[in-house]
Amino acid sequence: RKEVEQDPGPFNVPEGATVAFNCTYSNSASQSFFWYRQDCRKEPKLLMSVYSSGNEDGRFTAQLNRASQYISLLIRDSKLSDSATYLCVVNPNTNAGKSTFGDGTTLTVKP
Amino acid sequence: DTGVSQDPRHKITKRGQNVTFRCDPISEHNRLYWYRQTLGQGPEFLTYFQNEAQLEKSRLLSDRFSAERPKGSFSTLEIQRTEQGDSAMYLCASSPIDKGTSAYNEQFFGPGTRLTVL
């Protein structure tokens, strides 16, 4: 079993749709969590950190459920420009260098 | 451009040859990471440095791989006796350390070096 697992998709949604991605992690001691976005043939870029209380950044909402060891990302009113691969990232503690990436969930938003 | 840079961007080599990649992080960043990514997979951690110290190395990394960051600035990743299975995108990332809390900070990735082993 992989340390970080994501549904690979692809998710194909129309513009304006709401879409949600889940990610599960196996290390219960994990402390910090992130979502990165990776466009085709580009490097990953931080989308948002995930806090225990949940956090929102515009159309994007991230949630953390420590008891069930999963992280979610909700995208509302999706845009064509949201088409990308979304990578879930987990760190064992807040000061660790090592990051474990999931294999990503691919989203395609269609007109 | 003050982002992370990597050189070369592409490398084609024959099996058995040695290759070396370079990464120049964002200048004020203490931490530097190397990852490997293949198609359809997420980045796989290889190693990371804090300043010039190599603090962790993946158990998946064979002895053919070595990384250095001699002056705490740029880093090199060398692969000896390359194999076809080494073909991948090699990504470098850097991050600062919050001097107040030592909290994890965002990793900034370079554009990667694509290695093809024939």
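(A) The nonpolar core, seen in detail. Judged by nonpolar contacts, the single largest core of 23 residues is most densely connected at Phe21(A), Trp35(A), Ile71(A), Leu73(A), Ile75(A), Tyr86(A) and Leu107(A). Elements represented by at least two residues in this core include exactly strand E3 (19-25), strand E4 (32-38), strand E5 (45-50), strand E7 (60-65), strand E8 (70-75), strand E9 (84-91) and strand E11 (105-110) of chain A. Formed by 19 residues, the second largest nonpolar core is a distinct cluster that contains Phe21(B), Leu32(B), Trp34(B) and Leu115(B).

(B) Quick look at the interface of chain B and chain A. With 21 residues of chain B at the interface, the matching set in chain A holds 19 residues. For the pairing of chain B and chain A, the buried interface totals around 1600 Å² over both sides, and the portion due to carbon and sulfur atoms is 50%. Looking at the side of chain B that touches chain A element by element, the count peaks at 4 residues for strand E4 (residues 31-37) of chain B. The residue makeup of the side of chain B that touches chain A, split by class, is 10 nonpolar, 7 polar and 4 charged.

(C) Quick peek at the pairing of E8(A). Residues and elements named next belong to chain A. Examined bridge by bridge, E3 and E8 share 6 bridges and lie antiparallel to one another. Across the sheet, the residue bridging to threonine 24 is tyrosine 70, located in E8. Once E7 ends, the chain turns through 4 residues before running back antiparallel as E8, passing glutamine 69 with a positive phi of about 60 degrees.

(D) Looking closely at the side chain of Gln6(A). Residue and element names in this part refer to chain A. Looking at the secondary structure, you find glutamine 6 in strand E1 (residues 4-6). Overall, glutamine 6 belongs to the buried group, its relative accessible area being 13%. A distance of 2.9 Å separates a polar side-chain atom of glutamine 6 from the backbone oxygen of tyrosine 86. For glutamine 6, the side chain forms a polar contact with the main-chain nitrogen of glycine 104, separated by 3.0 Å.

(E) Molecular detail of the packing of aromatic side chains. Applying the stated criterion across every chain, the model contains 13 aromatic pairs over all chains. Between Phe11(A) and Phe21(A), the aromatic rings sit 5.2 Å apart at their centres with planes inclined by 75 degrees, giving edge-to-face as the arrangement. Highlighted residues: Phe11(A) in strand E2 (residues 11-14) and Phe21(A) in strand E3, separated in sequence by 10 residues. Exposure remark for Phe21(A): the relative accessible area of 1% places this residue in the buried category. Taken together, a centroid distance of 5.6 Å and an interplanar angle of 20 degrees make the contact between Tyr33(B) and Tyr48(B) stacked.

(F) Spotlight on the pattern of salt bridges. Evaluation of the coordinates by the stated rule reveals 9 salt bridges over all chains. A salt bridge links Arg59(A) to Asp82(A), with the shortest nitrogen-to-oxygen separation between them at 2.8 Å. With Arg59(A) in the loop between strand E6 (55-57) and E7 and Asp82(A) in the loop between E8 and E9, this pair connects stretches of sequence that are 23 residues apart. On the accessibility criterion, Arg59(A) (22% relative accessible area) is partly exposed. A salt bridge links Asp24(B) to Arg22(B); the shortest N-O distance between them is 2.7 Å. The exposure class assigned to Asp24(B) is partly exposed, which follows from its relative accessible area of 26%. Judged by its relative accessible area of 33%, Arg22(B) falls in the partly exposed class. Sharing partners across several salt bridges, the network here consists of Arg64(B), Glu83(B) and Asp86(B).

Definitions and limits used
- Residues numbered from 1 in each chain as written.
- Chains lettered and ligands numbered in written order.
- Predicted model: local features only at pLDDT ≥ 70, side-chain atom pairs only at ≥ 80, totals over all residues.
- Heavy atoms only, no water.
- Core = buried A, V, L, I, M, F, W, Y, C linked by side-chain atoms within 4.5 Å.
- Buried < 20%, exposed > 50% of the residue type's maximum accessible area, 1.4 Å probe, protein only.
- Helix = DSSP H or I, 4+ residues; strand = E, 2+ residues; numbered from the N terminus.
- Contact = heavy atoms within 4.5 Å.
- Buried area = accessible area lost by both parts, 1.4 Å probe.
- Nonpolar A, V, L, I, M, F, W, Y, C, P; charged D, E, K, R; others polar.
- Pairing = 2+ DSSP bridges.
- Polar contact = N/O pair within 3.5 Å; in protein donor to acceptor, adjacent residues only side chain to side chain.
- Phe/Tyr/Trp six-rings, centres within 6.5 Å; stacked < 30°, edge-to-face > 60°.
- Salt bridge = Lys/Arg side-chain N within 4 Å of Asp/Glu carboxyl O.

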